[in-house]
Amino acid sequence: MNAIDKLYHISQKKTKLIIGLMSGTSLDGLDIALCQISGYGLQSHLQIIAFETVAYNDFIRDNIKEIFAQTKINLQKLTLLHQFLGKLYADIILETLKKWHISPQEIDCIASHGQTIFHAPKRLHKIDFFGNATLQIADAEQIAYHTGIITLSDFRQKHIAAGGEGAPLVVYGDYLLFSSKQENRILLNIGGIANLTYLPSSLQANEVFATDVGAGNTLIDYFAKKYYHIPFDAEGKIAESGLLNEFLLDKLLEIDFFSQDFPKTTGQETFSPILVENIISELAPQIAAEDLLCTLTHFTAKGILRAIEQLNIIKSSIYVSGGGAFNTFLIKLLSQELSVQLFDVLGFDPQAKEAALFAILANETLSGSKVSLGKGKFTNPAVCMGKISLPN
């Protein structure tokens with residue numbers, strides 16, 4: 001069977017076995033979710049068969065950081081990393097499948113988000129003649145060729161072509177998998193950046209919306225590594241031992257992002273450690289490291305709380321996923337104002353959520369299904385997302 005015939009055959013299957021890949025702005029590593037998906041649209045059913053996060057080593061992380069969220073970079077390094085990460089992903093997939101005792105021939109397709117290196121909605125770059133843009137690397141041709149598995153990638157570009165900002169895309173999967181007639185839901189994801197999806201109990205697609213709401217873990221992790229040489233503040237224990245600097249917090253909340261209208265997307269281009277370091281040097285140059293982590297954790301919580309209040313969706317059940325869900329201090333701060341539950345109470349591994357949701361996007365594309373969500377400025381267009389790379 002040639003590749004095109006195989007692609008058609010897969011599109012007709014009632015149940016598909018899809019690997020979802022996600023590497024976020026925190027640069028922790030590659031999330032791999034093996035998903036069994038039946039149906040499509042609101043009849044979609046997803047079961048996670050296996051999940052693993054393969055950590056990046058310092059070499060990979062440091063090389064990505066050289067080109068990540070910067071306006072001036074080494075173009076050769078960008079070009080080399082695009083190919084390198086694609087081959088790396090392929091190798092990781094094959095090693096993980098071997099560990100799971102699953103043959104590559106059993107997998108219908110791979111859905112690869114890639115590694116975001118720059119996110120540039122027009123609302124932020126404000127450059128005449130240019131529109132929304134975003135860039136993810138990790139060449140899917142490398143993945144498809146070396147694994148022998150059809151690969152879908154570069155999901156965000158179709159969203160931009162149809163008038164969106166390329167994010168947050170999880171809104172589509174959130175609506176298809178987690179809507180409930182019993183309650184209005186907020187699915188709050190606290191990764192490098194914090195974002196939320198609102199799911200009304202009416203199940204009406206035009207009432208659904210998603211938006212980024214502020215900094216997630218990105219700044220906390222950066223300063224934990226800078227001052228304590230650890231990848232993150234486990235459970236927020238260091239932050240909880242510190243004191244809040246309200247003057248610094250108020251200044252951070254003056255960052256332009258917070259005055260912009262919803263919906264909006266952002267990244268480390270906005271919540272830059274350099275920007276924060278400049279603010280600190282001006283306002284609190286002698287701040288203790290634990291006080292800084294305490295203040296930054298409050299900053300993340302405040303951004304989330306303000307957004308939920310401004311969007312007038314506070315009367316909702318809130319389910320938290322992402323790395324921030326494991327920051328006990330951050331969850332404690334949110335719980336002072338909101339009724340917060342961890343995402344796993346929905347019977348779904350919160351760490352696997354984003355990788356699995358890209359598997360859902362691939363399933364929608366292969367099934368020819370597309371749904372429009374929201375209305376007005378909150379509209380997410382009905383498009384099939386993902387470029388298809390054949391193995392040969």
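Just above, that's the structure.
Each residue is numbered by its place in its chain's sequence as written, counting from 1. Where local features are concerned, this predicted model is filtered to residues with pLDDT of at least 70; where side-chain atom pairs are given and counted, the filter is 80 or more; whole-chain, interface and lining totals use all residues. In computing side-chain properties, one takes all heavy atoms of the structure into account and sets aside hydrogens as well as water.

**Student:** Got a sec to walk through the sheet that holds strand 10 (residues 317-321)? Specific residues and values, please.
**Tutor:** Taken in spatial order, the 5 strands make up an open sheet running 9-8-7-10-11, and their pairing is mixed. With one partner strand each, in any of the chains shown, strand 9 (209-215) and strand 11 (340-342) form the two edges of the open sheet. Sheet twist, expressed as the mean angle between neighbouring strand axes with direction ignored, is 25°. Of the strand pairs in this sheet, strand 10 and strand 11 are connected by 3 bridges, and their pairing is parallel. In the strand pairing of strand 11, Val320 is matched with Leu342. Here helix 13 (residues 328-335) sits on the sheet in contact with strand 7 (185-190), strand 10 and strand 11, set at roughly 150° to strand 11. When DSSP finds at least two bridges between two strands, those strands are taken to pair. Note on conventions: DSSP H or I runs of at least 4 residues are helices, E runs of at least 2 residues are strands, and numbering of each starts at the N terminus. Angles here are taken between N-to-C directions and fall from 0 to 180 degrees, while the axes themselves are lines fitted to C-alpha atoms, restricted in helices to the stretch in contact. Contacts are residue-level and defined by heavy atoms, with any inter-residue pair within 4.5 Å sufficient.

**Student:** Residues and numbers for the packing of aromatic side chains, please.
**Tutor:** Only Phe, Tyr and Trp rings are paired, with Trp represented by its six-membered ring, and only when their centres lie within 6.5 Å; those with planes under 30 degrees apart are stacked, over 60 edge-to-face, the remainder tilted. Counted according to the given criterion, the structure contains 14 aromatic pairs. Measuring from ring centre to ring centre gives 5.2 Å for Phe178 and Phe348, while their planes differ by 90°; the resulting arrangement is edge-to-face. Of this pair, Phe178 sits in helix 7 (residues 170-178) while Phe348 sits in the loop between strand 11 and helix 14 (353-367), and the two are 170 residues apart along the sequence. Its relative accessible area of 6% is what places Phe178 among the buried residues. When the centroid spacing of 5.5 Å and the interplanar angle of 70° are considered together, the rings of Phe257 and Phe271 count as edge-to-face. Here's how the labels work: a residue is buried when its accessible area is under 20% of the maximum for its type, exposed when over 50%, partly exposed in between, all with a 1.4 Å probe on protein chains only.

**Student:** Please set out empty space enclosed by the protein residue by residue, giving values where relevant.
**Tutor:** Both cavities and pockets are sets of points on a 1 Å grid over the protein atoms alone; in a cavity a 1.4 Å probe fits but cannot get out, in a pocket the set is open with protein on both sides within 12 Å along at least five of seven lines, and lining residues sit with an atom within 4 Å of a point. Grid points are joined across faces, edges and corners, and a volume is the space filled by probe spheres set on the points. In this structure the tally under the stated criterion is 2 cavities of 30 Å³ or more. Here the largest cavity is characterised by a volume of approximately 70 Å³. Contributing to the lining of the largest cavity are Tyr172, Leu176, Leu361, Glu364, Thr365, Ser369, Lys370, Val371, Val383, Cys384 and Met385. Secondary structure elements with two or more residues in the lining of the largest cavity: helix 7 and helix 14. Counting residues per element, the lining of the largest cavity draws most heavily on helix 14, at 3 residues. Space inside the second largest cavity adds up to approximately 50 Å³. The wall of the second largest cavity is formed by Val213, Phe257, Phe258, Phe262, Lys264, Gly303, Arg306, Ala307 and Gln310. Here the lining of the second largest cavity gets 4 residues from one element, more than from any other, and that element is helix 12 (residues 289-310). All residues other than Ala, Val, Leu, Ile, Met, Phe, Trp, Tyr, Cys, Pro, Asp, Glu, Lys and Arg, Gly among them, are scored as polar; the first ten of these are nonpolar and the last four charged. Residue composition of the lining of the second largest cavity, grouped by class: 5 nonpolar, 2 polar and 2 charged.

**Student:** Kindly report on the environment of Thr96, identifying the contributing residues and their values.
**Tutor:** Positionally, Thr96 belongs in helix 3 (residues 75-99). Filtering out sequence-adjacent residues up to four positions away, Thr96 remains in contact with Ile32, Glu52 and Val54.

**Student:** Residue-level account of the pairing of strand 3 (residues 45-55), with values.
**Tutor:** Of the strand pairs in this sheet, strand 2 (residues 29-38) and strand 3 are connected by 10 bridges, and their pairing is antiparallel. Looking at strand 3, one finds that Ile32 is bridged to Glu52. Counted between consecutive antiparallel strands, the loop separating strand 2 from strand 3 contains 6 residues, among which Gly39 sits at a positive phi close to 70°.

**Student:** So what's going on with the pattern of salt bridges? Which residues, and what values?
**Tutor:** Criterion for a salt bridge: a side-chain nitrogen of Lys or Arg within 4 Å of a carboxyl oxygen of Asp or Glu. Inspection of the entire model under this criterion finds 14 salt bridges. The partner of Glu240 in a salt bridge is Lys332, with the nearest N and O atoms 2.5 Å apart. Taken together, the residues Glu240 in helix 9 (residues 237-241) and Lys332 in helix 13 connect sequence positions 92 residues apart.

**Student:** Could you give an account of the side chain of Asp139, with specific residues and numbers?
**Tutor:** Among the secondary structure elements, Asp139 is positioned in the loop between strand 5 (133-137) and helix 5 (140-147). It turns out Asp139 is buried and unbridged, and the closest side chain with the opposite charge, Lys387, is 9.7 Å from it. Among the polar contacts made by the side chain of Asp139, one reaches the main-chain amide nitrogen of Glu141 at a distance of 3.1 Å. Setting aside residues no more than four positions away along its own chain, Asp139 makes contact with His82, Gln83 and Gly86. Neither His nor the chain termini are counted; the positive set is Lys and Arg, and the negative set is Asp and Glu. Pairs of N or O atoms within 3.5 Å make up the polar contacts considered here, provided that, within protein, one atom can donate a hydrogen while the other can accept it, and that residues adjacent in sequence are counted only when both atoms are side-chain atoms.

**Student:** Pulling in residues and values, what's your account of the nonpolar core?
**Tutor:** Membership of the largest hydrophobic core comes to 52 residues, with the highest contact counts inside it found for Leu196, Phe271, Phe299 and Leu334. Once residues lying within four places of it in the same chain are set aside, the contact partners of Leu196 are Ile186, Leu187, Leu188, Phe209, Ala210, Thr211, Val213, Ile308, Leu311 and Ile313. Only buried residues count toward a nonpolar core, which is a set of Ala, Val, Leu, Ile, Met, Phe, Trp, Tyr and Cys residues joined through side-chain atoms within 4.5 Å. Counting residues in hydrophobic clusters, the runner-up holds 40 residues, among them Ile18, Ile150, Leu199 and Phe358.

Bear in mind that shape data such as this cannot, by itself, settle questions of function.
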